[in-house]
Amino acid sequence: MSSHAVVSGSAVEGEGTPTGESPLTLTRRARRMYRMLTERYPDADCELDFQDAYQLLVATVLSAQTTDVRVNGVTPILFDAYPDAAALAAAERDHVEAIVQPTGFFRAKTDSLLKLGAALVEQFDGQVPRRLKDLVTLPGVGRKTANVVLGNSFGVPGITVDTHFGRLVRRFGWTVEEDPVKVEHAIGALFPRKDWTQLSHVLIFHGRRTCHSRNPACGACPVAALCPSYGIGETDPEKAALLLRTGPRA
């Protein structure tokens, strides 16, 4: 742990926690960091453009291994051509591929979308289901995608463990887990269920704007004093400020 990090609690109490804190101290630190990050990003929200659950589901499937900016660039065309699950299920593969090509892996994504449309029509009368256990049965839909849809379309709290979220909770010393499902459960135990969806948004915002995968802006980070990974990136405040981003990358 960096000497910069101000983390209280006895190391002997903290067996089983990533940083040697007691479970109570870890929970308090994690919640304090979340409050501070919420002040930095009061408008944190889903950065995919959508109008309903169907659009968010499709957009989230498309967002795999690409950026929200690229997805938002193609979805208006896609939704104009295929406004609902029935239309998507009946789509011509070549046409869908041409639309989603800028998002990468377009053949595999097209296959998922066509199967997704068909499954929604055949199993759920063309409607996006409101339960996680139903959502994860759909082609191309895992827990991450399901939690995005549940939290942002249906108001059902969920933790979205994407690459940013996973990176940050490990850097913060909230967990050492690598498996997304284990991360989800570990972090869920630290926060009230009502906070899960917004916690996901806030951490993803921070990961995209400040705590980058390479050379994080440690010197411009609002939670630097509570972060055991302080110093893995630029610590000079002026230089760190130059690394900050105002939005997701294209």
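A brief report on the enclosed structure follows. Note that the structure is a prediction, hence the values are computed from the model and not measured.

Of the regular secondary structure elements, the protein chain holds 12 helices and zero strands. Listing the helices and strands of the protein chain from first to last along the sequence gives α-α-α-α-α-α-α-α-α-α-α-α. Scaling as 2.2 N^0.38, a compact globule of 250 residues should have a C-alpha radius of gyration of about 18 Å, and the protein chain matches this with 20 Å. For the protein chain, the spread of C-alpha atoms along the principal axes amounts to about 60 × 35 × 25 Å. Within the protein chain, the fraction of its 250 residues that count as buried is 52%. For the protein chain, the share of sequence-separated contacts (at least 6 apart) that also reach a separation of at least 24 residues comes to 59%.

For Phe105, which is not glycine, the phi dihedral falls at a positive 50°. As for its placement among the helices and strands, Phe105 is situated in the loop between α5 (93-100) and α6 (106-124). A residue is classified by how much of its surface remains accessible, and Phe105, at 51% relative accessible area, is exposed. The phi angle at Asn215 is positive, at roughly 55°, despite the residue not being glycine. Counting through the fold element by element, Asn215 comes out in the loop between α11 (196-209) and α12 (237-241).

The full count for this structure, using the stated rule, is 10 salt bridges. Notably, a salt bridge pairs Lys194 with Asp195, separated by 3.2 Å at the nearest N-O pair. Residue Lys194 is classed as exposed on the basis of its relative accessible area, which comes to 66%. A relative accessible area of 17% means that Asp195 is categorised as buried. Salt bridges sharing common partners tie together Glu47, Asp68, Arg208 and Arg209.

What follows covers helix α10 (residues 180-188). Taken as a whole, α10 has its buried residues at Val183, Glu184, Ile187 and Gly188. The buried residues of α10 all sit within an arc of 125° when viewed along its axis, so they share a single face. Residues of α10 that are buried make contact with α8 (143-153), α9 (163-171) and α11. Two or three places before Val181, at the start of α10, stands the capping residue Asp179, its side-chain oxygen 3.1 Å from that residue's backbone nitrogen.

Our next topic: the packing of helix α2 (residues 53-62) against α8. Running from amino to carboxyl end, α2 crosses α8 at an angle of 150°, the nearest separation of the two axes being 10 Å. Between α2 and α8, the angle falls in the class roughly antiparallel. Where α2 crosses over α8, the handedness of that crossing is right-handed. Where α2 abuts α8, its residues Ala53, Leu56, Leu57, Thr60 and Val61 lie against Thr145, Val148, Val149, Asn152 and Ser153.

Before going further, it helps to spend a moment on the environment of Glu122. On the secondary structure map, Glu122 appears in helix α6. Residue class for Glu122 comes out exposed when judged on its relative accessible area of 66%. Spatially, the C-alpha atom of Glu122 lies 21 Å from that of Leu150, the residues being 28 residues apart in sequence.

As a further point, take the state of the cysteines. Per the stated rule, a full pass over the model turns up zero disulfides. The structure places no disulfide on Cys211, whose sulfur is separated from the nearest cysteine sulfur, that of Cys221, by 6.4 Å. Between Cys227, a free cysteine, and Cys221, which holds the nearest cysteine sulfur, the sulfur-to-sulfur gap is 6.3 Å.

With 37 residues, the main nonpolar core has Val58, Leu78, Leu113, Leu116 and Leu138 as its most contacted residues. Of all the elements in the fold, those that place two or more residues in this core are α2, α3 (68-81), α4 (85-89), α5, α6 and α8. When residues of this core are assigned to their parent elements, the largest contribution, eight residues, is made by α2. When residues no more than four places from it in sequence are discounted, the contact partners of Leu138 are Leu57, Leu116, Ala119, Leu120, Phe124 and Pro129. Membership of the second largest hydrophobic core comes to 31 residues, among which are Leu26, Leu37, Val202 and Val223.

This next bit is on the packing of α2 against α6. Any two packed helices are characterised by the angle at which their axes cross and by the distance between the axes. Their axes nearest at 10 Å, the elements α2 and α6 cross at an angle of 155°. Accordingly, the angle class assigned to the pair α2 and α6 is roughly antiparallel. Between α2 and α6 lies a crossing whose hand is right-handed. Each of Leu57, Val58, Val61 and Leu62 in α2 lies in contact with α6, whose residues at this interface are Lys109, Ser112, Leu113, Leu116 and Leu120.

What counts and how
- Think of each chain on its own: its residues are numbered from 1, step by step along the sequence as written.
- Residue-level local features of this predicted model are given only where pLDDT is at least 70; pairs of side-chain atoms are given and counted only at 80 or more, and the full residue set underlies all totals for whole chains, interfaces and linings.
- Hydrogens are left out, water is left out, and the side-chain values use all remaining heavy atoms of the structure.
- By definition, any uninterrupted DSSP run of H or I lasting at least four residues is a helix, any uninterrupted run of E lasting at least two residues is a strand, and each is numbered from the N terminus.
- Radius of gyration: C-alpha atoms only; globule rule: 2.2 Å multiplied by the number of residues to the exponent 0.38.
- A simple rule labels every residue: compare its accessible area, found with a 1.4 Å probe on the protein chains alone, to the largest value its type can have, and call it buried under 20%, exposed over 50%, or partly exposed in between.
- Contacts: residue pairs with any heavy atoms within 4.5 Å of one another.
- Salt bridge, as used here, is a side-chain nitrogen of Lys or Arg placed within 4 Å of a carboxyl oxygen of Asp or Glu.
- The arc in question is formed by the directions pointing from the helix axis toward the C-beta atoms.
- A 3.5 Å cut-off defines polar contacts: any pair of N or O atoms within that distance qualifies, except that in protein one atom must be a possible hydrogen donor and the other a possible acceptor, and neighbouring residues in sequence count only when both atoms are side-chain atoms.
- To obtain an axis, a line is fitted to C-alpha atoms, over the contacting stretch when the element is a helix, and the angle between two such axes runs from 0 to 180 degrees between their N-to-C directions.
- Oblique is the label for every angle not falling under 35 degrees (roughly parallel), over 145 degrees (roughly antiparallel), or within 65 to 115 degrees (roughly perpendicular).
- For any pair of crossing helices, the crossing counts as left-handed if the nearer helix is rotated counterclockwise from the farther one by less than a right angle, and right-handed if it is rotated clockwise.
- Note on disulfides: each one is a pair of cysteine sulfur atoms within 2.5 Å.
- What is meant by a nonpolar core is a set of buried Ala, Val, Leu, Ile, Met, Phe, Trp, Tyr and Cys residues, joined one to another through side-chain atoms within 4.5 Å.

These figures capture arrangement, not role.
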